[in-house]
Amino acid sequence: MDMPARNSLGYPYYPYYPVVLDILRSRLADTVLDAPCGLGWLGDMLPAASGRQVDIDGVGLWEFPRAGGGYRRFTEHDLETPLAVAQSYDAVVCCEAIHLLTNPGVLMQSFHRALRPGGTLIVTTPNTWYFRSRLQFLLRGFHSGFRPMVGRQRGEDYVTYFPWNFPQLHLLFKHYGFTDITLHEVDENKPKRMMEHVLAVPSRLYYGRRLRLAEDEETRRYWKQAGSVQSVHGRWLVMSARRPVDDPASP
């Protein structure tokens, strides 16, 4: 991926930021759990973007937001282990972390419990379906950005575990009981090379055929999203889902 620009506070600015902010604003999320919160971009940007009072709690382990950065409270916690929260949130945001963890199921269970019924989960992660990544996997056995851990240490180096794409992340959401699973468009340059258009033709034809054969709205929606430009060519996945409204509140 291209090196991101940095804002006045020193942390990088990525194209998925406005997408996350727009989802939270449209869902009228007044209480938000940011896990992990990293250096705190969400706490800095969300209050201004939403135009109202928003209570944001942060969770982190190796990176921490600056003092007074918009968070109500901060908890130090390893997201590889179950997360206990004192309240239910309107939304939970997990940016660029699920591919860095060895227990994504534990993470999803924690987030499901942290949400109120009807609440929104937002997950962002690198997309490994774009064609340079697919070609690199074919030639080397590793997706772009997912190289062996040899010579690197967790907590000290950037170590990636699971390469995600739309179908895999959709499956994870579905398995843990989330509904209204949505892949969101990210304003990024895609595809970057004409050859990517050519290589994508067989898969786009396949997704189109599955869409035409779909027998219900949920299936049509799935194949439409799987065959979208963001799914096939995007460098990022930004996906949201809801905890069902009729799901009993967590104890």
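Report on the accompanying structure. (Residues numbered from 1 in each chain as written. Predicted model: local features only at pLDDT ≥ 70, side-chain atom pairs only at ≥ 80, totals over all residues. Heavy atoms only, no water.)

## With respect to the pairing of strand 7 (residues 115-126)
Within a regular strand, the side chains alternate between the two sheet faces. To be explicit about the condition: For the exposure calls, accessible area comes from a 1.4 Å probe over protein chains only, and a residue counts as buried if that area is under 20% of its type's maximum, exposed if over 50%, partly exposed in between. To qualify as a helix, a DSSP run of H or I must reach at least 4 residues; to qualify as a strand, a run of E must reach at least 2; elements of each kind are numbered from the N terminus. Strands were regarded as paired on the criterion that DSSP finds at least two bridges between them.
Among the twelve residues that make up strand 7, ten are buried, leaving the element largely enclosed by the rest of the structure. Pairing geometry for strand 6 (residues 89-95) and strand 7, over six bridges, is parallel. Bridging from a neighbouring strand, C95 pairs with T124 of strand 7. With seven bridges joining them, strand 7 and strand 9 (residues 236-242) adopt antiparallel strand pairing. Pairing of P126 across the sheet is with W236, part of strand 9.

## Here's the deal with helix 5 (residues 166-175)
Cut-off, in case you're wondering: Every residue pair with non-hydrogen atoms within 4.5 Å of one another is taken to be in contact.
Within the span of helix 5, buried status applies to F166, P167, L169, H170, L172 and F173. Among the structural elements, helix 3 (104-114), strand 7, strand 8 (179-183), helix 7 (217-226), helix 8 (229-233) and strand 9 are those in contact with the buried residues of helix 5. Positive phi appears at G177, one or two residues downstream of helix 5, with a value of about 85°.

## Looking at the packing of aromatic side chains
For clarity, the cut-off: Stacked, tilted and edge-to-face pairs are distinguished by plane angle, under 30 degrees for stacked and over 60 for edge-to-face with tilted covering the rest, among Phe, Tyr and Trp rings (Trp via its six-membered ring) whose centres lie within 6.5 Å.
Scanning the model with the defined rule gives 16 aromatic pairs in all. Arranged with centres 5.1 Å apart and planes meeting at 85°, the rings of Y16 and Y17 form a pair that is edge-to-face. Classification of Y16 as buried rests on a relative accessible area of 3%. Judged by relative accessible area, Y17 falls into the buried class, the value being 3%. Among the aromatic side chains, those forming a connected cluster through ring pairs are Y13, Y14, Y16, Y17, W41 and W236.

## A word on unusual backbone geometry
Looking along the chain, the bond that leaves A35 and enters P36 is cis, with omega of 0°. In this structure, P36 sits in the loop between strand 3 (31-34) and helix 2 (41-50). Of the consecutive residues K190 and P191, the connecting peptide bond is found in the cis state with omega at -20°. Among the secondary structure elements, P191 is positioned in the loop between strand 8 and helix 6 (194-213). Unlike most non-glycine residues, L28 shows phi in positive territory, near 55°. Looking at the element boundaries, L28 is found in the loop between helix 1 (17-26) and strand 3. The exposure class of L28 is exposed, given its relative accessible area of 56%. One non-glycine residue with positive phi stands out, namely D180, at about 50°. On the basis of relative accessible area, D180 is assigned to the partly exposed category, the value being 34%.

Read these as spatial facts, not as claims about activity.
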